[in-house]
Amino acid sequence: MTALEKATGDVVLKFEPFVLHVLCQELQDAQLLHSVAIDSGFRNSGITVGKGGKIMMAVRSTHCLEVPLSHKGKLMVSEEYIEFLIHVANRKMEEN
């Protein structure tokens, strides 16, 4: 709260989800890992194949959160709401 009161610009509370990049030797390996990731609840996971044939599997969570708190130094939400957001972000971290 002290930092928010001193802020002169825009402040955003941002929680970014877990991301794991795995370099795979074969496409079948990436497909197997992708299936396991999706079945485990990591719905934003995906496979990319680079121009050189590099196969990358990304395991991504959907637990993101981005909330503006102040604008041009003016607090736009209550302290109670910030405490609630911190609780939500901490819960997302545990789920991650």
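None of these values were measured; they are calculated from a predicted model.

Asks: What is the right way to read the UniProt feature "domain: tRNA wybutosine-synthesizing protein" (unreviewed entry) in the chain from this model?
Replies: In the numbering used here, UniProt assigns the "domain: tRNA wybutosine-synthesizing protein" (unreviewed entry) feature to residues 7-96. From the first C-alpha to the last, residues 7-96 spans 30 Å; its make-up is 33% helix and 33% strand.

Asks: Please clarify how the environment of Leu32 should be interpreted in this entry.
Replies: In this structure, Leu32 sits in helix 2 (residues 27-39). For Leu32, a relative accessible area of 58% puts it in the exposed group. Distance from Leu32 to Met57, taken between C-alpha atoms, is 10.0 Å for residues 25 residues apart in sequence.

Asks: Can you help me understand the sheet that holds strand 3 (residues 46-49) in this one?
Replies: In sheet architecture, strand pairing relies on hydrogen bonds along the backbone and comes in two forms, parallel and antiparallel. The strand order across the open sheet formed by three strands is 2-4-3, and the pairing between neighbours is antiparallel. The sheet terminates laterally at strand 2 (19-24) and strand 3, the two strands that pair on one side only. If you compare each strand with its neighbour and ignore which way they point, the axes differ by 20° on average. As defined by bridge partners, strand 3 adjoins strand 4 (residues 55-60) across four bridges and the pair is classed as antiparallel. In the strand pairing of strand 4, Thr48 is matched with Met56. Helix-sheet contacts for helix 2 involve strand 2, strand 3 and strand 4, and the interaxial angle to strand 4 is about 5°.

Asks: Help me out: how do you make sense of the pattern of salt bridges in this one?
Replies: Charged atoms that come close allow side chains of opposite charge to pair. Within the structure shown, the criterion is met by one salt bridge. Note that Glu16 is salt-bridged to Lys14, the shortest N-O span being 3.0 Å. By relative accessible area, Glu16 is classed as exposed at 53%.

The rules behind each value
- Residues numbered from 1 in each chain as written.
- Predicted model: local features only at pLDDT ≥ 70, side-chain atom pairs only at ≥ 80, totals over all residues.
- Heavy atoms only, no water.
- UniProt positions renumbered as here; feature names shortened; annotations may be inferred.
- Helix = DSSP H or I, 4+ residues; strand = E, 2+ residues; numbered from the N terminus.
- Buried < 20%, exposed > 50% of the residue type's maximum accessible area, 1.4 Å probe, protein only.
- Pairing = 2+ DSSP bridges.
- Axes fitted to C-alpha atoms, helices over the stretch in contact; angles between N-to-C directions.
- Contact = heavy atoms within 4.5 Å.
- Salt bridge = Lys/Arg side-chain N within 4 Å of Asp/Glu carboxyl O.

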